[in-house]
Amino acid sequence: MIAYDAIIIGSGLGGLQCGFILAKNGMKVCVLERDAHTGGCLQTFRRGNTLFDTGFHYVGALGEGQPLHRLFRYFGLLDLPWHPLDAEAFDEVAIGDKSYFFANGYERFADTLAREFPGQHKNITAYAAFLKDVGAHLLDPLTARSGKELYSTSLFARSACDFLNETTGDPLLRKALAGASLKMELNADSLPLYVFAQINSSFIQSAWRLRGGGSQIAARLTEQIRAMGGEVRTRAGVTRLTAGGDKRTSVIVNGQEQLSATWIVSDIHPASTLALVDETLPLRNIYRQRISSLANTFGMFTVHLRLKPNCVPYRNRNLYMHNPAADEWRYRPADGLPCALVSYYVPEAGSACAGALDILTPMSWSEVEPWKASVTGQRAAAYADLKAARAEACIRFVSDRIPELRNGIESVYTSTPLSYHSYLNAAEGTAYGIRKDYRQPMFTVLTPRTPVPNLLLTGQNLNLHGILGVSVTSFFTCSEILGRETLVTQL
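For the structure given in this document, a descriptive report is provided here. Residue positions are given per chain, counted from 1 along the sequence in the order it is written. With the structure being a predicted model, the display of local features is reserved for residues of pLDDT at least 70 and the display and counting of side-chain atom pairs for 80 or more, all residues being used for whole-chain, interface and lining totals. Only hydrogens and water are removed before side-chain values are computed, so all heavy atoms of the structure are retained for them.

1. Concerning the overall build of the protein
Convention followed: The way it works is that DSSP assigns letters per residue, a run of H or I at least four long becomes a helix, a run of E at least two long becomes a strand, and they are numbered from the N terminus. It is over C-alpha atoms that the radius of gyration is taken, and the globule rule equals 2.2 Å times the number of residues to the power 0.38. Buried means the residue's accessible area, taken with a 1.4 Å probe over protein chains only, is under 20% of the maximum for its type, while exposed means over 50%, and partly exposed covers the values in between. Should any heavy atoms of two residues lie within 4.5 Å, those residues are counted as being in contact. Residues scored as charged are limited to Lys and Arg (positive) and Asp and Glu (negative), so that His and the chain ends carry no count. Charge placement uses NZ in Lys and CZ in Arg. For Asp and Glu, CG and CD serve respectively.
When helices and strands are counted, the protein shows 18 helices and 19 strands. The C-alpha atoms of the protein give 22 Å as radius of gyration, which agrees with the globular expectation for 491 residues (23 Å, within 12%). On the principal axes, the C-alpha backbone points of the protein span a range of 65 × 55 × 45 Å. Relative to its 491 residues, the protein shows a buried fraction of 59%. For the protein, the proportion of contacts with a sequence separation of at least 24, taken over those separated by at least 6, is 73%. Side-chain charges of the protein comprise 48 positive and 45 negative groups, with the mean position of each set lying 2 Å from the other.

This is the structure we're talking about:
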């Protein structure tokens, strides 16, 4: 039986980053991935000669001196082909016939938006200042030596929706400020203010696309782990965790091979992690039931469009479109298409026209659950009909703002929460992991530690999702093994 210092379950961003950190610190590491490819939602796929991203679209706070820049410098990811979005308008929020533009830089953000809401300049400035303050303290738990709390419990215990209502009495401004938040689940009954503020703050700092797809991040981390003596294995699904000798844990791979490790780090959904733990390990049913009862955020329906040459101009920003009649804080499938995000791919060779783009809109697990037991490629005609109808609705919705789109489409491909469930083992096809609830922050915001002493969690399900959130979480997880002082010194 091969023995390791640490075994990582899952090769999503969090798993690969933990593998990198531990290997960098001299540990014998093995990352196990059940799929044929590493990366999780960072994976890309090709249709013809066109490359599409699975779940990666853009990142924030990657500029010099900003949090993700500092983290990605540590991970050796800064020299990838990052492409800055338009600093004057990295996001466009379209509500009906009117557009509102988000600019990089807190002052410029406030001044730009205040041109459309001149009577709200003071409130917008206060909003931007609040986001700036929250964003400035993202890395404090890593760098502070005073042992302060990892996150501000008060902000996790406050409602994001209530905060916007308190910030301004203008309902259109509230809709605009929330309009670029399809990168999280806007849920009036649960979304903590910390999640809303931290994520939006990072993109106001700076916004970037990655030319050539998110799989480059996974490939670089995999390459570096191996260069430091670590292993990264694909088609190696963990089927059981059981007690081993000498306070080690045995890991059963593909139901047959047995490995052992001093530490186990799981990057898969916590409920899926606990399903692997057998009765020989100290895990009470009450903890299993607690984790299993946690709700997941909604998933996404994505239309991947391959475009005809020289038909659809490339826009160096994201377009968020909203149905003015829809409540962006309460997604209900029966209400029709409430909103959509249009994300362009950076053209090759500096072309003025886009070769591909994605349209994303919320989709609940209940809409695809009837086919959850079916096999990919062999699902009922009703499922194909659902996808075709939703794709047409998305294209029709977006064409109001991009009139060239309809005649510029060469091919249409789609994915649903069932796709993410089938290919990436995402629980209920969730887009943002476990739903954090400001009414129960201590119950829904998880720590890396579990009742099994040497079993740790990492990834988007713990506290913050997204590239930045997962990157910070990987340090929190590894600090349980290496100690915070060691990682502070390195970072």
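Read on, since the account is not over.
2. Structural notes on unusual backbone geometry
In this model, Ala 61 sits at a positive phi of 60 degrees, which is unusual for a non-glycine residue. Located in the positive-phi region is Asn 254, a residue other than glycine, with phi close to 55 degrees. In this structure, Asn 254 sits in the loop between β12 (249-253) and β13 (257-266). Overall, the relative accessible area of 43% leaves Asn 254 in the partly exposed class.

3. A short note on the packing of aromatic side chains
Our working definition: The criterion for an aromatic pair is that two Phe, Tyr or Trp rings (for Trp, the six-membered ring) have centres within 6.5 Å, with stacked assigned to planes under 30 degrees apart, edge-to-face to planes over 60 apart and tilted to the rest. Any Lys NZ or Arg CZ found within 6 Å of a ring centre and within 35 degrees of that ring's normal is scored as a charge over the ring.
Taken as a whole, this structure holds 22 aromatic pairs when the rule is applied. Their ring planes at 40 degrees and their centres at 5.9 Å tell us that Phe 72 and Trp 82 sit as a pair that is tilted. In this pair, Phe 72 sits in helix α2 (residues 67-74) while Trp 82 sits in strand β6 (residues 82-84), placing the two residues 10 residues apart along the sequence. Accessibility assignment for this pair places Phe 72 and Trp 82 in one class, buried. Here a set of aromatic residues connected by ring pairs shows up, and it is made of Phe 102, Phe 109, Tyr 127, Phe 130 and Phe 163. For the cation-ring pair, Arg 290 lies above Phe 443, with the distance from its terminal atom to the ring centre recorded as 5.2 Å.

4. Points about the environment of Thr 50
The criterion, for reference: Polar contact criterion, stated in full: a pair of N or O atoms within 3.5 Å, where within protein one must be able to donate a hydrogen and the other to accept it, and residues adjacent in sequence count only if both atoms are side-chain atoms.
Examined against the element boundaries, Thr 50 turns out to sit in strand β4 (residues 50-53). In this structure, the C-alpha to C-alpha distance between Thr 50 and Arg 306, residues 256 residues apart in sequence, is 6.8 Å. Within the structure, the side chain of Thr 50 is placed 3.5 Å from the side chain of Asn 49, a separation counted as a polar contact.

5. What about helix α15 (residues 417-424)?
Each full turn of the α-helix corresponds to 3.6 residues, which orients residues three or four apart in the same direction. Turning to α15, its buried residues are Pro 417, Leu 418, Ser 419 and Tyr 420. Its buried side turned inward, α15 meets β14 (299-307), β17 (356-363), α13 (381-399) and β18 (409-415). One side-chain oxygen at the N-terminal end of α15 lies 3.0 Å from the backbone nitrogen of Leu 418; it belongs to Thr 416. Positive phi appears at Asn 425, one or two residues downstream of α15, with a value of about 60 degrees.

6. Things to note about the sheet that holds β14
Sheet strands pair by backbone hydrogen bonding; their relative direction is either parallel or antiparallel. Keep this limit in mind: We call two strands paired when DSSP finds no fewer than two bridges between them. Angular values range over 0 to 180 degrees, each being the angle between N-to-C directions of two axes fitted as lines to C-alpha atoms, with helices fitted over their stretch in contact.
Sheet architecture is open: 7 strands sit in the order β8-β7-β15-β16-β17-β14-β18, paired in mixed fashion. Among the strands making up the open sheet, the edge pair consists of β8 (98-102) and β18. Neighbour-to-neighbour, the strand axes of this sheet turn through a mean angle of 20 degrees, independent of strand direction. As paired strands, strand β15 (residues 318-322) and strand β16 (residues 339-344) are joined by 4 bridges and run antiparallel to one another. Residue His 322 lies in a different strand from β16, and its bridge partner there is Cys 339.

7. Topic: the sheet that holds β6
Pairing within the open sheet is antiparallel, and its 3 strands lie in the order β5-β9-β6. The outermost strands of the open sheet, each flanked by one partner alone, are β5 (59-60) and β6.

8. Structural notes on the pairing of strand β2 (residues 29-32)
Quick reminder of the rule: When the strands point away from the viewer and the path from the first strand over the helix to the second turns clockwise, the crossover is right-handed.
The alternating pattern of β2 places Val 29 and Val 31 and Cys 30 and Leu 32 on opposite faces, both of which are buried. Tracing the backbone out of strand β1 (residues 2-9), into helix α1 (residues 13-24) and back to the parallel element β2 gives a crossover that is right-handed. Alignment of β2 against strand β10 (residues 231-233), held across 3 bridges, turns out to be parallel. Pairing of Val 31 across the sheet is with Val 232, part of β10.

9. Looking at the packing of α1 against helix α10 (residues 215-227)
Convention followed: Note on angle classes: values under 35 degrees are labelled roughly parallel, values over 145 roughly antiparallel, values of 65 to 115 roughly perpendicular, and the remainder oblique. In this scheme, a crossing is called left-handed if the near helix is turned counterclockwise away from the far one by less than a right angle; it is called right-handed if the turn is clockwise.
At a minimum axis distance of 9 Å, the contact between α1 and α10 shows a crossing angle of 25 degrees. Classified by the angle between their axes, α1 and α10 sit roughly parallel to one another. α10 is crossed by α1, and the crossing has left-handed handedness. Of the residues in α10, those in contact with Leu 13, Leu 16, Gln 17, Gly 19 and Phe 20 of α1 are Ile 217, Ala 218, Leu 221, Thr 222, Gln 224 and Ile 225.

10. Considerations on the pairing of β15
The element β15 is largely enclosed, with a buried count of 5 among its 5 residues. By the alternation rule, side chains of β15 split into Asn 318, Tyr 320 and His 322 and Leu 319 and Met 321, which are all buried. Relative to β15, strand β7 (residues 91-95) runs parallel, the two being bridged by 5 bridges. Note that in β15 the partner of Ala 94 across the bridge is Met 321.

11. Structural notes on the nonpolar core
Basically, it comes down to this: Residues belong to one nonpolar core when they are buried, are Ala, Val, Leu, Ile, Met, Phe, Trp, Tyr or Cys, and are joined through side-chain atoms within 4.5 Å.
If you look at the biggest cluster of nonpolar residues, it comprises 132 residues, and the most contacted ones within it are Trp 82, Phe 196, Ile 217, Trp 329, Ile 359 and Leu 405. Ignoring any residue separated from it by four or fewer positions in sequence, one finds Trp 329 in contact with Ala 160, Cys 161, Leu 164, Ala 178, Leu 186, Asn 187, Ala 188, Leu 191 and Phe 196. Core analysis: the second largest hydrophobic core is formed by 27 residues, Leu 32, Ile 291, Ile 434 and Leu 457 among them.

12. Details of empty space enclosed by the protein
Gaps between atoms show up when a probe of the same size as a water molecule is rolled over them. Short version of the rule: Only protein atoms enter the 1 Å grid, on which a cavity is a set of points fitting a 1.4 Å probe that cannot get out and a pocket is an open set with protein on both sides within 12 Å along at least 5 of 7 lines, lining residues being those with an atom within 4 Å of a point. Grid points are joined across faces, edges and corners, and a volume is the space filled by probe spheres set on the points. When residues are grouped by polarity, Ala, Val, Leu, Ile, Met, Phe, Trp, Tyr, Cys and Pro land in nonpolar, Asp, Glu, Lys and Arg in charged, and all others, Gly among them, in polar.
Here the structure, examined in full by the defined rule, presents 3 cavities of 30 Å³ or more. Of the voids in this model, the largest cavity is the one considered here, and its volume is about 110 Å³. Along the walls of the largest cavity sit 15 residues, with Leu 182, Leu 186, Glu 328, Cys 339 and Pro 362 positioned nearest its centre. Its residues placed into classes, the lining of the largest cavity shows 9 nonpolar, 3 polar and 3 charged. What lines the second largest cavity is simply Glu 185, Ser 190, Leu 191, Pro 192, Val 195, Thr 297, Tyr 432, Ile 434, Arg 435, Lys 436 and His 465. Taken together, the residues of the lining of the second largest cavity sort by class into 5 nonpolar, 3 polar and 3 charged.

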